Structure formats: structure tokens, C-alpha cells
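Secondary and tertiary structure notes
Now for the letters of each chain:
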Amino acid sequence: MSKPNLHSPPAFPVVDQCTSIGREKETVVADMDGTLLRGRSSFPYFALIAFEVGGIFRLLLLLLCSPLAGVLYYCISEPAGIQVLIFATFVGMKVSDIESVARAVLPKFYACDLHPEAWRVFSSCGKRCVLTANPRIMVEAFLKDFLGADLVLGTEVHTYKGRATGLVSGGGVLVGESKAEALRKAFDETYPPEIGIGDRVTDYPFMSLCKESYIVPAKPEVEAVSHDKLPKPIVFHDGRLVQKPTPFMALLTILWIPVGFLLACLRVAAGALLPMPLVYYAFWALGVRVYIKGNPPPPAKKSTGQSGVLFICSHRTLLDPIFLSASLGRPIPAVTYSLSRLSEFISPIKTVRLSRDRATDAAMIKKLLESGDLAICPEGTTCREPFLLRFSALFAELTDELVPVAMANRMSMFHGTTARGWKGMDPFYFFMNPSPAYEVNFLNKLPNKLTCGAGKSSHDVANYIQRIIAASLSYECTSFTRKDKYRALAGNDGTVVEKPKLDANKVMGC
């Protein structure tokens, strides 16, 4: 919650007047909401945790409690208002779930709101400390991993047997004099810090303890630090919500989900039950936009012994092969690394799971290509941001009939991928967007002189295709892999435990 600074003129100079040269050996202490971040309200970040851990009903509880929190915050007591938000959000949650969301979901939203002037000063100092009323468990991962904070002092949430009670422990909510006291304890030996940065009157006590202090004025029109200037790029992030859930967006999300789920079921049914030549038109009729670019090759002619084409697709969601098939007007089988049973059941195309044994997978893909065209996503997992992960080189060794396909999509409310949640809901969340869109761009077939058949190594071929797909999408190539993504977001290497195999004629999915 934010509270306007009623003191005018301010007691300290504005942060624009602070020099950032020669500060490498100095210590800076900064507030978070309204200081390091442009936004002065922490409600959206509480709402993200409420939805990602507790679902729609926890988000509804938080939204219903927010008027009470606002009245307490503005009229009675700032700590009391913040305590209401903490209780409504955290009570009963597993600490491990809160930490997971703080690590995998919140950094993307925090990074999009970084204040340029506060960051200029904060980043120039050799030792960085953040002093915030927000729960430490909620902000520490972002501040340390992405902003290089050495110390994070925040409100401590009380826990019992691995779950949050919704109460606060220690010195209570860090506001006003509580911040100053926390600063005294933390900097007992090196006291006082050289620079203090805040944005409101309740920051004055801790700012007064610093040698220099600066105010960040409330200027909503200030543009956030651009993505290319972020201290660390956000390549991987998780969570279902696309937009920051302000109170209005949270209410809109809650009201839309029942309607959106019914609409998603209708769209899924259309894609699964209708003949593939009709799916493209059905999607458009149901508000799903499919844009086709380039010139796709004709289907392989079995009568002449022609082998199938291998479509090399960038990977945005598990629906990539579905939209590829809809664009071609015919079902294209696909190979996949992992897939939920629900996605297998509702999928209109045949896919085969890769075993991760190189020889076995190579033999299987060759056999499938003898039967016709095939699709593969060599990244091995999805990526939401404008980056392409490293391409596995196996596909380049199996055929010279390679057609790169640049896949891109647009979602306005919900992400259609997850690393932490149940993947079976991925297609439903994608189709729950009011008007989701897919762009399928068929690039030129790879010339024979650039294939393994002409003496090129499989790694050279894979890297070349990665580069031309990235160029067509204005994306950046990376060397990150599936393991890197899952270690960052889910704390594991993304390995899927082998499940009992389905009947050979019922191996489906995408």
C-alpha cells in the first residue's frame, strides 16, 4: 500500500542530485516500494503470491481484505494495514511454496518496475542494503540474485511446522522507527552507511542515520529501466498471470476465469474433434488468431518413396505442433520430451515421447520420417522471453529435408506454460485468454549445401537454424538448456520419471 508524503518541502534533496561516480567503496541503504521500484503499492506482488500459491479463492480473499487494509494503512496505522495484507496472503501457505514463487515469478514483475534514478545510485555503490516493510521471504531472491543486494532487511513472517501463520515475528512490520532500529542493529560495526534513499515520511528515521540521504519523488511518468539495461536479463520466469495484478486487474481476472474456462473448453474441443482442415477456421471463429507467413512445402509423396520433411520449430507452448498442423491443414506428428496424460488425451495429433537415449530416439525419428512429415522442437522446453535456448543437434543427423519454422504467440491474461504447476492445464490457460494469437512463419527449406549430407557437422547445422529463426523473430540466441530452466524455476533438472507406456496406437500429444 502507498501513502502520500504530506511533508512539503521534503527534508532531503531528490535522488537526481546524488552523484554516482566514485561510490565503489561506499554503502547504500534503500527502501523498496516507491524507491527502487517506481510503484508505491505492494498489493500486486502480494496478489501474485496469493494466486500462484493459493489459486483464485486466495486471490479473492486478498481482494476482499484490501479495503480494510487501506483504511487501516491510511487512517490508523501503516503496520496494521500491511499486517492485513500479509495475513490474507500467507496464512496457511507452505514456506517452500512462497519461496518458489518469490524465486520464479516475482523477479519478472519487479524487474519491469525498476526506478532509473534510484537504480543508478544503488548500483554505483560497492555494498548494497535494502530496508523494506515487505516480507523478506517475498523480496530477498530478487534483490540478491538480480540487483546484487548484499543485505535485505524486511518484515519477518512467523512460521510453524513449515507453514506461514500469517503473523509477523521479530520486530514486527518494518515501518518508521522499526526501520531505523533494524538499521542500527545491522550496521553496528560500519555505522553509519554513506547513502540512504527513501520515498516517504516513514523512511525519514532510517535516512537520518546515513551520512547522505535522498528522496525519490513520486513521478508515475518516469519510465522504468529498459530490459537491455537490466543488471541481469530475465530469461526464465514462471507463473500464470501475464499482467501485474493491480486491484482492478485482480478483480477482472477473478470475474473472467469462469467464463474463460468455458471458452477454453470449447476451443480445445474444436481443435481436438474437428478435422484438421477445419481447425484453422474454427479457431478464427472462436477468437483464436492464427497468422501464417512464408511458403510451407507440400506433403511428402509416399508413392515416389519421398521421405518426409522435418519441421524445426521454435518452442513457445506445447500447442506449437497443433498450430503448425492447423496452418498446414493436415495433422503433423511430433516428437516430445514430456507431456501430461490430459494433454495426450485431448490432442488431435500423434506424437511420440523421446526416450533421451540418442540411438533409440534417432531410430524412432527416422522411422517416422519414412511415413511422412514430422515436427520437432529442438530446444526441448519452452521459453517465454525473446530468447532461443540451445538447439539439440540430433535432428540434423537424421535428414537433410529441414524446414525451419519460427513460432510466436500473444497472450493478454494467462501464460500457457508452467515449470512449477500442472502441465495438463497449459492448453486451457492459453485458450482462456480472450483473444490469443499464434504466428507461424515458414522459413526457406535449408539448402543441401548447409546440411550434414554436404559435410557440415550436426552442431553447425543446429546452430545455423537457431540463428535464422532468432533473426526472423528478432530474438537472441542463448546456450541455455532445459536443465538450466528447471533448475532456475523449479529447483530440479526437468527430468520426467518414466511412466507406463500407452498403447502404440494411442501415443498422442504435443
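Let me begin by describing the structure that accompanies this report. (Residues numbered from 1 in each chain as written. Predicted model: local features only at pLDDT ≥ 70, side-chain atom pairs only at ≥ 80, totals over all residues. Heavy atoms only, no water.)

1. Quick notes on helix 16 (residues 482-489)
Three or more residues of helix 16 are buried, namely R482, K485, Y486 and L489. Projected onto a plane normal to the axis of helix 16, the buried residues spread over an arc of 90° and lie on a single side. Looking at the buried positions of helix 16, the neighbouring elements they touch are helix 3 (95-104). Positive backbone phi, at 75°, marks G491, one or two positions downstream of helix 16. (Buried < 20%, exposed > 50% of the residue type's maximum accessible area, 1.4 Å probe, protein only. Helix = DSSP H or I, 4+ residues; strand = E, 2+ residues; numbered from the N terminus. Arc of directions from axis to C-beta. Contact = heavy atoms within 4.5 Å.)

2. Considerations on the pairing of strand 3 (residues 151-160)
Bridging between strand 2 (residues 127-135) and strand 3 involves four bridges; their strand directions are parallel. Within strand 3, the position partnered with C129 by the bridge is L151. Following the backbone out of strand 2, through helix 6 (residues 136-145) and into the adjacent parallel strand 3, one traces a crossover that is right-handed. Across four bridges, the pairing between strand 3 and strand 4 (residues 163-169) is antiparallel. Within the sheet, the bridge partner assigned to Y160 lies in strand 4 and is R163. Hairpin geometry of strand 3 and strand 4 is characterised by an intervening segment of two residues between the two adjacent antiparallel strands and by a positive phi of about 55° at K161. (Pairing = 2+ DSSP bridges. Right-handed = clockwise from strand over helix to strand, strands pointing away.)

3. A short note on the packing of helix 1 (residues 43-76) against helix 3
Contact pair helix 1 / helix 3: the axes reach a minimum separation of 10 Å and the direction vectors enclose 125°. The angle between the axes of helix 1 and helix 3 places the two elements in the oblique class. The two elements helix 1 and helix 3 meet at a crossing, and its hand is right-handed. For the pair helix 1 and helix 3, contact is made by I49, E52 and V53 and by D97, I98 and V101, respectively. Partitioned by chemical class, the residues of the contact of helix 1 with helix 3 number four nonpolar, no polar and two charged. (Axes fitted to C-alpha atoms, helices over the stretch in contact; angles between N-to-C directions. Parallel < 35°, antiparallel > 145°, perpendicular 65-115°, else oblique. Left-handed = near helix turned anticlockwise from the far one by under 90°. Nonpolar A, V, L, I, M, F, W, Y, C, P; charged D, E, K, R; others polar.)

4. Points about the pairing of strand 1 (residues 27-30)
The side-chain alternation of strand 1 yields two buried faces, one formed by T27 and V29 and the other by V28 and A30. As paired elements, strand 1 and strand 2 share four bridges and run parallel to each other. The partner of T27 across the bridge, within strand 2, is K127. Inspection of the sheet shows strand 1 paired to strand 5 (residues 195-198) by three bridges, in the parallel sense. By the bridge assignment for strand 5, V29 is matched with G196.

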